[in-house]
Every structure is written in C-alpha cells, then in structure tokens.
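Spelled out, the chains give:
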Amino acid sequence: MRRLLFGRKGTEIVFSLIITFVFAWLSISPPKIFESVLGRLEDLVYDVRLNASLPARAVPKNPIVVIDIDEKSVREIGRWPWSRDKLAQLVEKLYAQGATVIAFDMLFSEPEGNQTCGVGTNQDTVFQKVLEEGKGKVVLGSFLSNEHEISIGQLPKPAVELAPLNLTNIVLPKMQSYISNIPQFQNAVDNGGVLSIIPDSDGILRRYSLLQRYGDNLYPSLALEAVKLYLLEKNVSITVDTINNEKLLSSIRLGNMTILTDPIGRVYVPYIGPARSFTYYSASDVMNDRLPPNTLQNTLVFVGTSAVGLGDVRATPVGSVYPGVEIHASVAEGLFANHFPYIPAWEPGAELVLILVLGIVLTILFSLAGPLWIGTTTLVMLVGLYAGFARLWSMDDIILPLMLPSLLVIFLAVFNIAYRVFVESRRRSELKHVFEQYVPVGRVDEILKDPEAADAFEGERKMMSVLFMDIRNFTTISEKLNIVELKKLLNFFLTEMTTVIFKNGGTIDKYVGDMIMAFWGAPLSDEEHAKHAIRAGMEMLTTTQNIQDKLIAMGLPHIFIGIGINTGMMDVGDMGSTYRRAYTVLGDAVNLASRLESLTKYYGVGMLVGENTVANQAGFTFRLIDKVKVKGRHETVSVYEPVTKEMKPELELYQKAQDYYFAKKWEDAKKLFSELTKTFPEVKLYKLYLTRVLDFEKSPPPEEWDGSWEHSEK
C-alpha cells in the first residue's frame, strides 16, 4: 500500500511538471485563441494595477492645459462647429495669454465656403492668417485609417521617411487612407499630428501610437509633435531591431530622449488620474477675457471638446467616459518626463524562467503539503507575484505579464487539491470496501474519519485483544448433515455470532469453516479492547444457549462452542499476496489465543482468557483455571475463565483447593476437589484436578515445579 501511495505521489509530481512545461510552452508559442484570451485577461490585470498605482489626487508635473469647448462654450459662443473667424479669435487669445504651443484635437478638412467677415474677407483666410502668425506654435490634427477610403486634405510633413533609411520593409501596420486639413491651413502651420487612437479589442484605450505609417512615411501623433515643438526639437528618429529576419521598431528618439515602444510604435498611456486630472479652461472664458493675463504663459495647450453630443469621449482604464483630448495631454505629460510603463525586451525570457522556477518549486511544495497549506501557499504566492510586479511598475515602469504565472500557480493548486480529493476518494473507497467485510457498516464512516484508523490499513504494531471461537465436535455434526443443512447451520450461527462481535466493537478477521477470528483495537483505536473482547465472548456463550430452541425448530443439532481470548502486542494491517489480501493480525499473542480456544475442550469450559486480558478488568469475575505451558511456548501462562457472581460460594472452595494444589498439599487438595466433584459432577475441571492430585501423590513433581501443566497438543 505504501508503494501504491508513493506511486500516487510520483504521479502527482509528474503531472504537476507536465502542467509546468505546458505553461512554459504557452509562454513561448501560444495558440492564437489562447493568446487572445490571455491578452484580454492581462489587460484586465493591467487596469487593476494602474488604478491601484494612481495617487489619491492627480497633479500634473508639466505645464499642460486643456482648452475645452464645453457646454458653457457652446451655450455662450454658439453651437459647434464654430465659424473659422471665431476659431481665429480663440487662437489669437491663446497667443495673447502666452501659450507656447497650441495643439488642435480636431480637423479642418473642408473649406467653410464663401461666408465673409468684414469687408469681403473669407473666414478661412482669416483663420489662415492667424495660423501663419503662430507658425511653429500650432499643431493641426489628421486622421489615418486602415480602411480603403478616399483620402481627403493634405497630410503634414512626416516625422520619418523610411525609404532613405532602407526600412520600407519594417513591420508596421500600413494605413490605407487619411483625412487631413485643407492645404490652406496645413501649409499655414507646417506641423501636424495624427489624432487616430485605436482602442484594444475590448474597446478600452490603453495604448497610444506615437508614430503611424502611411505609405513609406511615419507620421507623429498629436502629442509627440506638440512636445517636439515645445522642446524646440527638430527631428524624430527611430531605432530598429532585427529579430528572425524581421525589422521591428524598438524605440523613438526625440532629442536626447529615448522612448521605448512596442514593435508597432505604441506606448501605454501614462494616465495620472481620472477624467479632468489636468487643468481645464472653458474656451468661452478665454474668448471673453475672463482669465487673468498670462494664465497660459509657457504652456502646452490642447484644444478639444468635452461637450455632450460632440462624441470625443473614450473608454479608458481610469474611466468609461474620458475626454479624447485629455488622452493626448496624458501622453504629452509622459513624453516630458519620458515616463511610460513598458514591457522590456527581456520579458519573454524572464517569463519562461519564472514559470519554470515557480512550477518546479510549487511541485515540490505541493507534493509535501495538505489541501489547507496548498491553498495558503497559493494565496501567498499570488500576493507575492502581484506585489513584486507592482514594485517593478512603481520603481522602474516595467510591466511584466502576470496572468500566465498566476494561472500556473492556480492550475497547480487546483490540480493538486483535485488530485488529493480524487486519491482520497479512491483511498476511502478502498478502505470502505475492505472494512465493510470486517466491521459493522455503521462504523465504516467513523473509521474513515479517523486518520489513525486509516493508517492501520497500511500496517502497524500495537496492543490489541484477539478472540477465537470454534464449534465443538463440528466434524461429527457435519457428517450428520447434508450440504444444504450444513450451509444453513453455518450461515445462521455465524451471523448470530458476528452480530455479537459487531455489537461490541470488534473487527472480523476471518471465517475458517466453523471458526471465527475477531480482534479489538484496530482499525479504530480502543483503549478498552480487552473489556470489549471479554464482554463479546460472554455474550456469544449466552447467545449460543439462547438459540438452541431455534436450531431445533430449524431441524438442526445443538451447538456448543469454545472461545479463547488473549491480549498483547500484535501486527495488524492489510496483508497477503498480489492475488488475495486480508486485513488481519499476526503475532505470538494471536497464536496463544488460538491455543486457549483449543484448551477449552480439555478443561471443559466455554471460554479461556490470558493473563494480560484479565489485568485491570475489575468489572468481571474470573477464576484461575490453570498455569499452563502450551505447545510452542516455554513460558508459563496463567489462564482464566470469566464466571458469574452467583458462583461465589463454589468459587471460594475452588480457589482454596487450588491453593493447596499449587502448595503441593496433596491431601488437603484431594479432600476439597473430591468434595467439588461430588457437588458438581458435571464440571470436568474438578475431575481433572482430582486426577492430577492422585497422580502427584504417587509421583510428586520436581522441587522446581512452578504449578504449571504442560500441554503437548495444540
């Protein structure tokens, strides 16, 4: 059985290692559908970590403000879109307030028409002139699309031209069309930034493209271009890595600043808080001169809208309704400080090593722990993973995927617990199947709840009591019955005896023909095993007397039995061969009980118990039957018979006669045993002692005689 359990433990370890290697493979080359699901879960974990890392109150560290075309502005200035002369007025007011850079989160893709303001002046021309006044200070927006549509307007100058760099084969998504500003406005400012923001598959905007490709050119985002102008940087460059013959973007360089990106030029948006974490000013307040002078001095201004119905809101990890213009502001905040959470290039290798180390360590730990400790270890490990990864984020802006290592921990825990449950269920089923053969059905569940009882199945050595019962003269009885009658007799009688044994908490060891072997003290521990064995033996004798009438009524003969009980150290457990096993007891104490059962015939008594069984049994009355040396043993053993208290007068006379016998006072012993024989002629024991006394008178025993009688037969 221990080898079986070791095999189960080995199986548990092997399967845990298989799970570990499967996860290692998934970290290297996951199937598409798994990668998609895992990415979705990773994004949810990212959202939790992001929100947990945000300060209680967001405070931008750089001079970035948002000029908001809000409900108030629409109410005071007029419904959107405003005429170009009003936009020109807004830009002039921003110049006057000292804004360093003005970035428009909007498009001017169509001319306004022939409307004029003043003396025949076209409104588009007015706006154009205002833009030209601030050339190098204004950034207009453009949209790039991966849909095959008609392109509109004029794109700004690209940030990077791929052809001169021989990077036309770089792995970057190619946009198929664009919507940009009319040439009149785009030429007036030169500078432009891409407004296109592509959310993740779940609709949440976590990543932001600093560069997007159209044709063989890379165009900067609105935030990147605005920060470039603010810092007076002239050029943007890129760094490309070649992996498996593919050229992948790894970073963007702006002046002395290197911005790490993913292979398609994206960064995680460094949200500093919920919506409106930046300073907002209403556009109408700017246009109506409600701001103190120089309020916007040296600021980077993003002009956008939060008005209901204008549609420029996004779902983000920090809020489901988040102004699109503030996303550009958040990225600009990150660019100023070059502070972006990022996934390092060494992440795949680190994840693989982490999975292998976690898997091997947990395989060893879980194989040694119980379900409660597995659950506790799992919780501690998950908290530790989260805390460690959170520290990397907070200290070094490093994002390491958490889901695959976490899922490995959970899978290993679930597997080990489920496997333990399965093994325990199998083990309980096996134990139940075994024990139902030996103990009452009602006690099987009690046994299975007792770990020590279950361990007894494996084998142990302990103090126990064992009982042997045999039918007297069974050979003679069986010769007088046919097979049907014999079967009927045994089934009826053994059932009656087994009921008594079960009633007294005994365990059936075996039936051998007309013999029953039972024991007490296993599989459930029993501190009073001797007491319960004696009580069972006495009830078996009484039951045998009580069923004689039933036997006669069934046409069966009378039955008489002999019982031997002994107490001592015994080996108990599931023993046998590959082909047949049994839950049994072995040992010298067991053999002595069998000898005692045989001696009941010799002494003519119903039951004999060993001296260890009699010890400390004040609740019973015993009489010493003899001091014997049974075959196979050299030690003298005192054997007793449990008797009823009604025998007290007879018992006193018997004990006195026996004392004379052991003292070698043959004349006194002969006198008392003669008296007992005449008074109780049916008692074989008194006749045996009388015969011995007469023999010893003629041939006294040796001087060293200890009063024992040696039996040469089993």
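Let us look at the structure shown here. (Residues numbered from 1 in each chain as written. Predicted model: local features only at pLDDT ≥ 70, side-chain atom pairs only at ≥ 80, totals over all residues. Heavy atoms only, no water.)

Details of the overall build of the protein
Line of reasoning, step 1. A count of helices and strands for the protein gives 23 helices and 29 strands.
Line of reasoning, step 2. In terms of overall dimensions, the protein is more spread out than a globule: its C-alpha atoms have a radius of gyration of 49 Å, far above the 27 Å expected for 714 residues.
Line of reasoning, step 3. Across its three principal axes, the protein shows a C-alpha extent of roughly 160 × 55 × 50 Å.
Line of reasoning, step 4. Contacts spanning at least 24 positions in sequence make up 75% of the contacts within the protein whose residues lie at least 6 apart.
Line of reasoning, step 5. Just so you have it, the protein exposes about 34600 Å², and 56% of that area is on carbon and sulfur atoms.
Line of reasoning, step 6. Computed over 72 positive and 82 negative side-chain charges, the separation of the two mean positions in the protein equals 5 Å. (Helix = DSSP H or I, 4+ residues; strand = E, 2+ residues; numbered from the N terminus. Rg over C-alpha atoms; globule rule 2.2 N^0.38 Å. Contact = heavy atoms within 4.5 Å. Areas by Shrake-Rupley, 256 points an atom, 1.4 Å probe, with all protein chains shown as cover. Lys, Arg positive; Asp, Glu negative; His and termini not counted. Charge placed at Lys NZ, Arg CZ, Asp CG, Glu CD.)

Remarks on the pattern of salt bridges
Line of reasoning, step 1. Scanning all chains against the criterion turns up 29 salt bridges.
Line of reasoning, step 2. Across the pair Asp 285 and Lys 72 runs a salt bridge whose closest N-O atoms are separated by 2.7 Å. Of this pair, Asp 285 sits in helix 8 (residues 283–287) while Lys 72 sits in helix 3 (residues 71–77), and the two are 213 residues apart along the sequence.
Line of reasoning, step 3. Notably, a salt bridge pairs Glu 225 with Lys 228, separated by 3.4 Å at the nearest N-O pair. Taken together, the positions of Glu 225 and Lys 228, both in helix 7 (residues 222–230) and 3 residues apart, correspond to about one turn of that helix. Note on accessibility: Glu 225 and Lys 228 belong to one class, buried. (Salt bridge = Lys/Arg side-chain N within 4 Å of Asp/Glu carboxyl O. Buried < 20%, exposed > 50% of the residue type's maximum accessible area, 1.4 Å probe, protein only.)

Some points on the sheet that holds strand 14 (residues 246–254)
Picture the strands of a sheet paired through backbone hydrogen bonds; they go either parallel or antiparallel.
Line of reasoning, step 1. The sheet built from 3 strands is open, its strands ordered 13-14-15 with antiparallel pairing. The open sheet has two free edges, formed respectively by strand 13 (236–243) and strand 15 (257–260), since each of these has just one partner strand. The average angle at which neighbouring strand axes cross in this sheet is 35°, direction not considered. (Pairing = 2+ DSSP bridges. Axes fitted to C-alpha atoms, helices over the stretch in contact; angles between N-to-C directions.)

So, the sheet that holds strand 12 (residues 217–220)
Line of reasoning, step 1. The 4 strands are arranged 6-12-11-7 in an open sheet whose pairing can be described as mixed. Pairing within the sheet leaves two strands with one partner each, and these edge strands are strand 6 (160–161) and strand 7 (174–175).
Line of reasoning, step 2. Bridge analysis of strand 7 against strand 11 (residues 211–214) gives 2 bridges, and the strand direction is parallel. Opposite Lys 174, over in strand 11, you have Arg 213 as the bridge partner.

Quick look at the layout of surface pockets
Line of reasoning, step 1. Looking at the largest pocket, its volume works out to about 1600 Å³.
Line of reasoning, step 2. Lining the largest pocket are 40 residues; nearest its centre among them are Asp 262, Pro 263, Ile 343, Glu 347 and Pro 348.
Line of reasoning, step 3. Residue assignment for the lining of the largest pocket shows that the elements contributing at least two residues are helix 1 (2–28), helix 2 (32–53), strand 13, strand 14, strand 16 (266–268) and helix 10 (347–368).
Line of reasoning, step 4. Looking at the lining of the largest pocket, the element that brings in the most residues is helix 2, giving 9 residues. (1 Å grid on protein atoms, 1.4 Å probe; cavity = no way out; pocket = protein on both sides within 12 Å on 5 of 7 lines; lining within 4 Å. Points joined across faces, edges and corners; volume = space filled by probe spheres on them.)

Examining the packing of aromatic side chains
Line of reasoning, step 1. Here the structure, examined in full by the defined rule, presents 31 aromatic pairs.
Line of reasoning, step 2. Aromatic side chains Tyr 661 and Phe 662 sit 5.3 Å apart centroid to centroid with 65° between the ring planes, which places their arrangement in the edge-to-face category.
Line of reasoning, step 3. Directly above the aromatic system of Tyr 280 lies the positively charged group of Arg 276, at a separation of 4.0 Å from the ring centroid.
Line of reasoning, step 4. Directly above the aromatic system of Phe 662 lies the positively charged group of Lys 627, at a separation of 4.7 Å from the ring centroid. (Phe/Tyr/Trp six-rings, centres within 6.5 Å; stacked < 30°, edge-to-face > 60°. Lys NZ or Arg CZ within 6 Å of the ring centre and 35° of its normal.)

A closer look at the nonpolar core
Line of reasoning, step 1. Core analysis: the largest hydrophobic core is formed by 56 residues, its most contacted members being Tyr 208, Leu 210, Ile 238, Leu 300, Phe 302 and Leu 335.
Line of reasoning, step 2. Not counting residues up to four positions away in its chain, the partners in contact with Phe 302 are Ile 64, Val 65, Val 66, Ile 67, Ala 103, Leu 222, Ala 223, Ala 226, Val 325, His 328, Ala 329 and Ala 332.
Line of reasoning, step 3. One finds Phe 492, Leu 494, Ala 533 and Ile 565 within the second-largest nonpolar core, a separate group that totals 35 residues. (Core = buried A, V, L, I, M, F, W, Y, C linked by side-chain atoms within 4.5 Å.)

By themselves, these are just geometric observations and shouldn't be taken as functional.
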